[in-house]
Each structure stands twice: as structure tokens, then as C-alpha cells.
Amino acid sequence: MKRAMVSGLIVILVLTKRLQSLSIMNAPRRIQSALISVFHKEGLEPIVAELKRLGVTIYSTGGTQVALEKMGAEVVPVEEVTNYPSILGGRVKTLHPKVFGGILNRRDFEADVAHMEEYNLPHIDLVIVDLYPFEQTVVQGGSHQDVIEKIDIGGISLIRAAAKNFADVVIVPSQNEYGTLLDLLQNGEGVTTRDERQSLATQAFRISSHYDTRIHEWMQGGASVEELNLSERQSTALRYGENPHQEGRFFGDLSALFDQLHGKPMSYNNLLDIDSAVQLMREFEAGDPTFAVLKHNNACGLATRSTVAEAWKDALAGDPVSAFGGVLICNKAIDAVTATAMHELFFEVAIAPAFDADALAILQQKKNRILLVQKPCAAQSTTVRSILNGYLVQQADAKTEALPDLKLATNRGASDAQIEDLVFAMKVAKHTRSNTIVFAKGGQLLGSGTGQTSRVDALKQAVVKAKAFGFDLNGAVMASDAFFPFPDCVALAKEAGIQAVIQPGGSVKDQLSIDFCNENEVAMYMTGTRHFRH
């Protein structure tokens, strides 16, 4: 009986001690001291005013110290705490045991408390850091040495230390959190809860991770297919995902690519079509006026002409039915004549490098119509897709066929005009879902078969499309994203009126298709490059 009572008392004592420990860990913490080390000084004035009001001791060094003193703050130089000056041109300022001990000490650990007294370490309750602008320096084309010097060491170390010890310390890791801190100082009188500190610490590790990811990318010379290390801090909530019952979000900075002049927020499906449109128009950006109409990531109309208005008219003619609700893109500024014609069609998005003022006034008559001015931007070097329990990463398909890439495989060659159309058609095929067949003539898309399970079906679909919209395929050319394993495709193409074909080649039965073309006076060119798109 006595043994049972003793055992029960022990359990009660253990539980009591644990509850006391949890209570201490979850206790509110009052900010009594702060270390401030920032690159950008903007936005600190109201925070400094509140810290002064609350009687908070402020530690700082270098340019930050000077700026704080100009704001009226009394600052304890970090050098007075460490008894060590800033050295190596400012590379080493806060990296010292007295600074990090002040941040990392656990207020409820007896051993830590003893060390604080033994080594005369100051308690630091708040750390405010704004990292060197490494990412911006890279984007702005800074020199190698400029970029190296913008790799923050002390700042990132302070962020990680304070975030690790969020049980006792408040970390403000960027200017974006100044508003949160100001609220804690003004409305909370400098007293913070564990949840508030943990929320800021979570953001701190997000910033730390992103910062290191960008440094890693730069060090290795850009994105690589050898390893995947993604980080993107900016994001935009979408109305929904691919379907209304799915949540969706875009991660990235759309404002770096587009100025949205008008219309509703872009949707998940809008963005997929916009991406396909931008990638396709890269093939034509330096050429004559070219207009493309896309629907479900595929071009349903495309034409190159001497004027933008003519390019729009002939692009729309490619498939005016599918164009309804589509995404439009042009490589030249949209003028009023073209805008008047475009306005007759219901479309979701129009993209161009510019819109004339009169054109903009016409197109803005539909309140939801999205109008985007595209900014110059380099193409991505890799593509990433989530599958199964991982990701597929590959080099982007940057290969675009030009005249030197075309190898004549038949006795008969194509005319100069037909060769230009072959190059044109292959550009379209490259950006169309596989299996695909593309027909073109005179710089105009006449019809395409998209996303079919057999190449024969893709060809039949292209023929039906072309004839449905009144196109004469006699003298037209055909492009295929992959090789022909049998001569059935070239036979059907010949029957439809096709006179020249471009394809990668590479089938063990290439000769069967070549023989048919020779027997029927069809020119065939091979490129050696397949353009599957799934």
C-alpha cells in the first residue's frame, strides 16, 4: 500500500514538473533588448519610436547604428559588447559568442543562466535583420565580385539563431514583417506569445531557405537537371485550380513578365494557355508581324503577314470556332484597326508588347477581358513537373529548326517558299501536344491534329479541320513532331494534296516513307530532332 502511494506521488511530481516546464516555455515574453542589423533602413522610424517608448535597449553596428542614431535612438555599439571591432571591411561585425550567446540562451535552463552570468552576456530579446540584396544584384547584372559581396553571412546567421530560439526571442527577418512587429509593440506593449514568435520564426526559416537556394542556383550557373532545389516566396491565390472544386495558387512574380492593363485576375487555366502562347511566340518574336490564337495549350490559328491586322485576320481564319474564349498573342504592338477586328470575338486574354492608346480604348470595353503587355524575359532553362511521389526535371526544348537543319531525304526537293513553310510548320508542331500533325501554306496554319494517340488519327484530324474551314491543301506542307514508323501518314498526306513533309526521322522503317515520297513526287526533309510535348 505504501509502495503504491509512493509511486503515485512520484507520478504526480513528474507530471507537475512537466506542466511547470510547459508553462514556462509557453509564457509570454517581454521585449527588453533588441539587436538591429539591416541593409535597407527605410521603415524603421516608427519601430525605433516604439522601442524608445518601451525603454528597450538597442544594440547595433556600422551603417545601421548611424541610421538609428539619426532617428533619435540611443544605441549600444556591438563593439562595446564584444570588445572587438568590425573587421575585414565589415565582413565580420556581429559574428561573436557574446552576440549569439545573447540570442541563443534558453531563459529557463539553469546551465544557460549560469553561463550568461559567468561570461557577462547580454540578453537579446528581439532581432531585426534585412539581408543583403543578393537576388536583386544578380537580376540587375552585378559583377561577380558585387554578387559575392552580397552573400550575407552575419545576417543569415542572426536570423537562424533567433528563429531557432523562438521560445524566447522575436525574429523579424525582413522589411515585410515590420508591420507585424509594430503591431506587437503598439498593441501588445512589447509582450509576445509563443505562437506569435513561432509564426515569425517560421517566416524566418522560409526566408533563409529561399536565400540559400538562390545562392546555390547562382553558384552552379543556373537551374540544373542534376538536382532539384525549388524556392519561390512570391505567390498569388487563384480563383480555383483547373476545376472549380480544386484550390490553386501561382508561385512566381507575374509582374516581372507582364503589365496587366485591364481585366479580371488571371485563372489557373488562363496561365497555362498564357505560358503556351508565350513559348510559341518566342519562335516568331524577331520576325514579321505574327498572330497566334491558342486554346487548351494548342495553337488553333497562327499567321505571319506584313501587317498586324492581316496576321490577325488569317490567324483567326485557321479555326474561328475554337478561337472563341481563347488566348491571343502577337509579336508586335496592337493598333486600332486590329483591335476593332479583335473586339468582334469573345476571348479571354490578349498579349502583346504594346497596345496603341486607341486600341486599348476599344479592347477595354469588355470589363473582364485580360490585356497583358509582355516584358522582355529570358526563357527558362529547365522544366519541372510533379508526378507520382516526386518530380520530373528536364532541360527545356530550346532547339528550333532553321534551314541548315533540314536534310533532304528524297530525290525531289521543295521550293523555297515551301521550305519556309516547313520551318514555320515545325515551329508550330514543336509547341503542340503530341501526337501532332501540322499543315501550313504561305505562312499560315491551315489545320492541325493535336494530342492524338496515333499519328494517323492526328493527320486525319488535321485534314478534317483544314477542309472544315475552307482551306485548299494542294501545295501545302506537313510537319510531324516525331518520325513515321510506316508510310501510311505520307500516303494520306499525298492524297490530301501535301507536297512537302518535314519530320525528325529515326525510324528503322524510314526508308518505306522515303520510297513512297519518291514514287509520288513528295519532298521529304528530316531534322534529326524529335519534339514530343506531353
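Rules of the game
Residues numbered from 1 in each chain as written. Predicted model: local features only at pLDDT ≥ 70, side-chain atom pairs only at ≥ 80, totals over all residues. Heavy atoms only, no water. Helix = DSSP H or I, 4+ residues; strand = E, 2+ residues; numbered from the N terminus. Rg over C-alpha atoms; globule rule 2.2 N^0.38 Å. Buried < 20%, exposed > 50% of the residue type's maximum accessible area, 1.4 Å probe, protein only. Contact = heavy atoms within 4.5 Å. Areas by Shrake-Rupley, 256 points an atom, 1.4 Å probe, with all protein chains shown as cover. Lys, Arg positive; Asp, Glu negative; His and termini not counted. Charge placed at Lys NZ, Arg CZ, Asp CG, Glu CD. Phe/Tyr/Trp six-rings, centres within 6.5 Å; stacked < 30°, edge-to-face > 60°. Lys NZ or Arg CZ within 6 Å of the ring centre and 35° of its normal. Pairing = 2+ DSSP bridges. Axes fitted to C-alpha atoms, helices over the stretch in contact; angles between N-to-C directions. Polar contact = N/O pair within 3.5 Å; in protein donor to acceptor, adjacent residues only side chain to side chain. pLDDT = per-residue confidence, 0-100. Parallel < 35°, antiparallel > 145°, perpendicular 65-115°, else oblique. Nonpolar A, V, L, I, M, F, W, Y, C, P; charged D, E, K, R; others polar. Left-handed = near helix turned anticlockwise from the far one by under 90°.

Break down the overall build of the protein for me, with residues and values.
When helices and strands are tallied, the protein shows 19 helices and 23 strands. Computed over the C-alpha atoms, the radius of gyration of the protein is 32 Å, more than 25% above the 24 Å expected from 2.2 N^0.38 for a compact globule of 534 residues. With 534 residues in all, the protein has 46% of them scored as buried. When contacts within the protein are restricted to residue pairs at least 6 apart in sequence, long-range pairs at least 24 apart make up 58% of them. Accessible area of the protein: about 26,900 Å², with a carbon and sulfur share of 53%. Treating the 51 positive side-chain charges of the protein as one cloud and the 61 negative ones as another, the clouds have centres 5 Å apart.

Account for the packing of aromatic side chains, with residues named and values stated.
If you walk through the whole model with that rule in mind, you get six aromatic pairs. Relative to Trp218, the ring of Phe134 lies with its centre 5.9 Å away and its plane at 85°, an arrangement referred to as edge-to-face. Taken together, the residues Phe134 in helix α7 (residues 134–139) and Trp218 in helix α11 (residues 194–219) connect sequence positions 84 residues apart. When its relative accessible area of 1% is taken as the criterion, Phe134 is described as buried. Ring plane angle 45° and centroid distance 5.0 Å describe the contact between Phe324 and Phe346, whose orientation is recorded as tilted. Of this pair, Phe324 sits in the loop between α13 (308–317) and β13 (327–330) while Phe346 sits in the loop between α14 (336–342) and β14 (349–352), placing them 22 residues apart in sequence. Taken together, the ring pairs connect Phe134, Tyr211 and Trp218 into an aromatic cluster. The cationic tip of Lys427 hangs over the ring face of Phe284; the distance from NZ or CZ to the ring centre is 5.1 Å.

Give me unusual backbone geometry: which residues, what numbers.
Negative phi values dominate among residues other than glycine, just as trans dominates among peptide bonds. Here Ser434 and Asn435 are connected by a cis peptide whose omega angle stands at -10°. One can find Asn435 in the loop between α16 (416–430) and β19 (437–440). If you check the backbone angles, Leu388 has positive phi at about 45° while not being a glycine. In this structure, Leu388 sits in the loop between β16 (382–387) and β17 (390–395).

An account of the sheet that holds strand β5 (residues 126–130) is requested, with residue identities and associated values reported.
Spatial strand order, β4-β3-β2-β5-β6: five strands in an open sheet with parallel pairing. Each of the sheet's edge strands pairs with one partner strand only, and the pair in question is β4 (75–77) and β6 (170–172). Each neighbouring strand pair of the sheet contributes to a mean axis angle of 25°, computed without reference to strand direction. Note: β5 against β6, three bridges, orientation parallel. Directly across from Ile128, in β6, lies its bridge partner Val172. Running over the sheet, helix α9 (residues 154–164) touches β2 (33–38), β5 and β6 and is turned about 145° from β5.

Report on the side chain of Asp314, specifying residues and quantitative values.
Tracing the chain through its elements places Asp314 in helix α13. Using a relative accessible area of 14% as the deciding quantity, one classes Asp314 as buried. Within polar-contact distance, the side chain of Asp314 engages the side chain of Lys313 at 3.1 Å. If we ignore the near neighbours within four places in the chain, the residues touching Asp314 are Ala303, Arg305 and Gln444.

Help me get a handle on the confidence of the model for the protein, residues and values and all.
Per-residue confidence for the protein averages 89 on the pLDDT scale, and 94% of its residues sit at or above 70. Low pLDDT, under 50, characterises residues 19–23; the stretch is placed with zero contacts to residues that sit more than four places away or in other chains.

Outline the sheet that holds β19, listing residues and values.
A sheet is described by the order of its strands in space; here six strands give the open sequence β18-β23-β22-β21-β19-β20, paired in mixed fashion. Unpaired on one side and paired on the other, β18 (407–408) and β20 (445–449) mark the two borders of the sheet. Where strand β22 (residues 500–503) meets strand β23 (residues 523–526), four bridges bridge the pair, whose relative direction is parallel. The residue bridging Val501 from the neighbouring strand is Met524, located in β23. In the packing of helix α17 (residues 455–468) onto the sheet, the strands contacted are β19, β20 and β21 (477–480), and the crossing angle to β20 comes to about 145°.

Before we move on, can you summarise the packing of α17 against helix α18 (residues 488–496) with the specific residues and values?
Running from N to C, α17 and α18 point in directions that differ by 10°, and their axes come no closer than 9 Å. The angle between α17 and α18 falls in the class roughly parallel. Mapping the contact onto sequence places Arg455, Val456, Leu459, Lys460 and Val463 in α17 and Asp488, Cys489, Leu492, Ala493 and Ala496 in α18. Of the residues assigned to the contact of α17 with α18, the class counts are seven nonpolar, no polar and three charged.

Account for the packing of α9 against α11, naming residues and giving values.
At a minimum axis distance of 9 Å, the contact between α9 and α11 shows a crossing angle of 150°. Between α9 and α11 lies a crossing of left-handed hand. Residues Ile156, Ile159, Arg160, Ala163 and Lys164 of α9 pack against Ala201, Ala204, Phe205, Ser208 and Tyr211 of α11. Split into classes, the residues belonging to the contact of α9 with α11 amount to seven nonpolar, one polar and two charged.

Describe the pairing of β20, naming the residues involved and giving the relevant values.
Within β20, five of the five residues are buried, which leaves it mostly tucked inside the rest of the structure. Sheet topology places β19 next to β20; four bridges connect them, and they run antiparallel. Paired with Phe439 across the bridge in β20 is Gly447. Hairpin connection, β19 to β20: the antiparallel pair is bridged by four residues, and Gly442 has positive phi, about 60°.

How would you sum up the environment of Lys460? Please name residues and give values.
Along the polypeptide, Lys460 turns up in helix α17. Residue classification places Lys460 among the partly exposed residues on the basis of a relative accessible area of 44%. For the pair Lys460 and Ser448, spaced 12 residues apart in sequence, the C-alpha separation works out to 9.1 Å.

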